Amino acid sequence: MLKVEDWAEVRRLHRAEGMPIKAIVRRLGISRNTVRRALASDEPPKYRRAPTGSVVDPFEPQIRALLTEWPTMPAPVIAERIGWPYSLSPLKKRLTLIRPEYAGIDPVDRVTYEPGQIAQCDLWFPETPIPVAAGQRRILPVLVMTLGFSRFMTATMIPSRQGGDILSGMWWSIRGIGRVTKTLVWDREAAIGGNGKVSTLAAAFAGTLATQIRLAPPRDPEYKGMVERANRFLETSFLPGRLFASPADFNRQLEDWLVKANARTVRSTAGRPVDLLETDYRAMTSLPPVRPPVGLRNRIRLGRDYHVRLNTVDYSVNPRVIGRFVDIVASPDTVTVTCEGNPVARHHRSWARQDVVTDPAHAATARQMRQALAEDRQRRQAALRRHTDGHTVELRALPDYDALFGVDFTNPDEKVSNQQ
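What you see is a predicted model, and the numbers here were worked out from it, not measured in a lab. (Residues numbered from 1 in each chain as written. Predicted model: local features only at pLDDT ≥ 70, side-chain atom pairs only at ≥ 80, totals over all residues. Heavy atoms only, no water.)

J.: Teacher, can you tell me more about a positive patch on the surface here?
T.: Residues Lys22, Arg26, Arg32 and Arg36 make up a contiguous surface patch of positive charge. Looking at the positive patch, the elements with two or more residues in it are helix H2 (21–28) and helix H3 (32–40). (Patch = residues over 30% accessible without salt bridge, like charges linked within 9 Å, V, L, I, M, F, W, Y side chains within 5 Å. Areas by Shrake-Rupley, 256 points an atom, 1.4 Å probe, with all protein chains shown as cover. Salt bridge = Lys/Arg side-chain N within 4 Å of Asp/Glu carboxyl O. Lys, Arg positive; Asp, Glu negative; His and termini not counted. Charge placed at Lys NZ, Arg CZ, Asp CG, Glu CD. Helix = DSSP H or I, 4+ residues; strand = E, 2+ residues; numbered from the N terminus.)

J.: Would you take a moment to explain the packing of aromatic side chains for this structure?
T.: Two measures describe an aromatic ring pair: the distance that separates the ring centres and the angle between the ring planes. Across all of its chains, the model carries seven aromatic pairs by this definition. Look at Phe59 and Trp84: their rings are 5.1 Å apart centre to centre, the planes differ by 65 degrees, and that puts the pair in the edge-to-face class. You can see Phe59 sitting in the loop between H3 and helix H4 (60–69) and its partner Trp84 sitting in the loop between helix H5 (75–82) and helix H6 (88–98), a full 25 residues away along the chain. When sorted by exposure, Phe59 lands in the same class as Trp84, which is buried. Centre to centre, the rings of Phe238 and Phe244 are 6.0 Å apart; their planes meet at 35 degrees, and the pair counts as tilted. For the residue pair Phe238 and Phe244, the accessibility class agrees, reading buried in each case. Taking the ring centre of Trp70 as reference, the NZ or CZ of Arg81 above it sits at 5.7 Å. Of note, Arg179 hangs over the ring of Tyr281, and the distance from its end group to the ring centre comes to 4.8 Å. (Phe/Tyr/Trp six-rings, centres within 6.5 Å; stacked < 30°, edge-to-face > 60°. Buried < 20%, exposed > 50% of the residue type's maximum accessible area, 1.4 Å probe, protein only. Lys NZ or Arg CZ within 6 Å of the ring centre and 35° of its normal.)

J.: Could you clarify how one ought to interpret the nonpolar core in this entry?
T.: Soluble globular proteins tend to pack their nonpolar side chains together in the buried interior. Ile166, Met170, Trp186 and Phe205 are the most contacted members of the largest nonpolar core, which totals 28 residues. Going through the elements one at a time, strand S1 (118–124), strand S4 (142–147), helix H8 (163–177), strand S7 (183–186), helix H9 (190–193), helix H10 (200–209) and strand S8 (212–215) are the ones with two or more residues in this core. Counting residues per element, this core draws most heavily on H8, at six residues. In this structure Met170 touches Cys121, Leu143, Met145, Leu184, Trp186 and Phe205, once residues within four positions along its chain are discounted. Counting 22 residues, the second-largest nonpolar core is a separate cluster that includes Trp124, Leu239, Leu254 and Leu258. (Core = buried A, V, L, I, M, F, W, Y, C linked by side-chain atoms within 4.5 Å. Contact = heavy atoms within 4.5 Å.)

J.: Is there a simple way to explain the pairing of S1 in this structure?
T.: Regular strands place side chains that alternate from one sheet face to the opposite one. With respect to burial, S1 is a largely interior element, seven of its seven residues being buried. Of the pairings in the sheet, the one linking S1 to S7 comprises three bridges and is parallel in character. Bridge pairing in S7 links Ile118 to Thr183. (Pairing = 2+ DSSP bridges.)

J.: It is not clear to me how the sheet that holds strand S10 (residues 296–301) should be interpreted in this structure. Could you clarify?
T.: Across a sheet, paired strands are connected by hydrogen bonds in the backbone, their directions being either parallel or antiparallel. An order of S10-S13-S14-S15 is seen for the four strands of this open sheet, with the pairing classed as antiparallel. Every other strand in the sheet has two partners, leaving S10 and strand S15 (342–348) as the edge strands with one partner each. Along the sheet, successive strands turn relative to each other by an average axial angle of 20 degrees, direction set aside. (Axes fitted to C-alpha atoms, helices over the stretch in contact; angles between N-to-C directions.)

J.: I tried to follow a nonpolar patch on the surface on my own but got confused; where do I start?
T.: On the surface, a cluster of nonpolar side chains totalling about 500 Å² of accessible area is made up of Leu398, Tyr401, Leu404, Phe405 and Val407. Here Tyr401 lies in helix H15 (residues 398–405). With a relative accessible area of 39%, Tyr401 lands in the partly exposed category.

J.: Where do I start with the packing of H4 against H5 in this structure?
T.: Axis angle and axis distance: for two packed helices, these are the angle between their axes and the distance between the axes, and together they describe the pair. Where H4 contacts H5, the axes come no closer than 10 Å and their chain directions differ by 125 degrees. Taken together, the axis directions place H4 and H5 in an arrangement best described as oblique. As for how H4 packs across H5, the hand of that crossing is right-handed. When H4 is examined against H5, the residues Gln62, Ile63, Leu66 and Leu67 are found in contact with a partner set consisting of Ile78, Arg81 and Ile82. Among the residues forming the contact of H4 with H5, the class breakdown is five nonpolar, one polar and one charged. (Parallel < 35°, antiparallel > 145°, perpendicular 65-115°, else oblique. Left-handed = near helix turned anticlockwise from the far one by under 90°. Nonpolar A, V, L, I, M, F, W, Y, C, P; charged D, E, K, R; others polar.)

J.: I'm lost on the pattern of salt bridges in this one. Help?
T.: Side-chain pairing between opposite charges can occur once the charged atoms of the two side chains come close. A full pass over the atoms with the stated rule returns 19 salt bridges. A salt bridge links Asp327 to Arg299; its shortest N-O distance comes to 3.0 Å. Of the two residues, Asp327 is situated in strand S13 (residues 325–330) and Arg299 in strand S10; the sequence distance between them amounts to 28 residues. Of the charged contacts, one joins Arg379 and Asp376 as a salt bridge, the two residues approaching to 3.3 Å between their closest N and O atoms. With Arg379 and Asp376 both in helix H14 (residues 360–382) and three residues apart, this pair spans about one turn of that helix.

What follows is the structure in structure tokens.
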């Protein structure tokens with residue numbers, strides 16, 4: 001094969017110096033046909049190895065037959081069906097080339113958003129366990145929200161993926177921005193719209209804010225690609241190398257990092273989210289004067305153990321309302337219990353599992369009530385009539401005397417038969 005240097009020299013000698021082909025052959029010691037090919041080619045010579053085929057070639061008819069009926073059949077299943085004896089790597093490469101002929105190609109259009117139009121929401125689960133109690137660590141969800149126009153990003157860790165906690169995280173983000181977009185996009189998160197329809201709790205939240213919640217199609221992460229990229233950005237840029245002492249410490253570090261993240265230049269908008277936020281903000285909807293329904297809520301009758309359970313954690317309540325209905329409202333920070341509108345308990349919320357939170361004042365009240373009950377029983381026991389020998393005098397019921405004398409006070413005109 002002619003070297004690139006010889007090809008260049010042949011062309012120079014013939015075109016620049018006008019040297020004939022015979023002279024070039026004598027000077028460079030190459031054949032006449034090689035010189036002619038070099039002069040005819042406008043590109044430098046390249047080494048091309050003749051194709052030797054692939055181990056997949058004998059199996060390709062079987063592969064195509066399977067793809068004709070099942071275009072999305074995974075490579076391991078195809079390997080099993082055709083009796084593939086080699087590693088999956090060459091099979092996967094061939095499937096990448098021929099599968100679009102059967103499954104088709106789904107092009108994606110570039111989407112642009114108007115100011116104030118949309119915000120995408122999602123839950124991100126950082127792989128770092130967070131200390132929530134002595135000897136207990138948990139992987140907790142982080143609610144992430146990204147504005148469509150400005151790409152401004154907010155995020156906060158929440159105690160659970162229950163509907164009330166998710167809405168608390170959304171309200172925290174919306175309240176921090178100061179306004180709400182016309183549409184909030186969610187995937188089919190169970191508490192928001194797991195069955196393909198927006199839940200009653202989420203609909204009430206959106207209705208109070210005069211916005212709407214739109215659910216993404218099933219198994220379509222590209223529908224909310226902005227927030228998915230934000231999750232990946234958090235995973236690769238915020239999380240590595242950090243240690244967290246508690247969920248509150250996680251949120252403090254995250255809040256400081258978001259200031260820097262929103263000041264970076266985004267390639268798709270050629271601007272900084274913090275600079276574009278003002279344009280987004282002016283087109284958003286103002287917040288209503290009332291707060292939307294958020295947090296976990298429950299109503300139960302208080303049992304004798306004077307504790308209520310919330311997300312596997314038990315919280316004490318004033319035992320004086322045992323047997324009555326109490327209303328429980330929990331934010332990510334506090335748990336409040338009321339009875340007929342009167343507060344009967346307030347606790348800092350525990351993010352641990354199977355924890356017990358008891359107010360010492362409630363425990364002291366319970367001890368006093370037990371002691372008072374014991375003293376009352378003793379007084380009643382001492383008030384019983386006794387014979388001189390100490391045994392209790394039997395007290396007969398009044399209806400026994402009515403029956404003895406044949407008196408019926410229910411129907412005074414009738415006599416009852418003597419039972420004695």
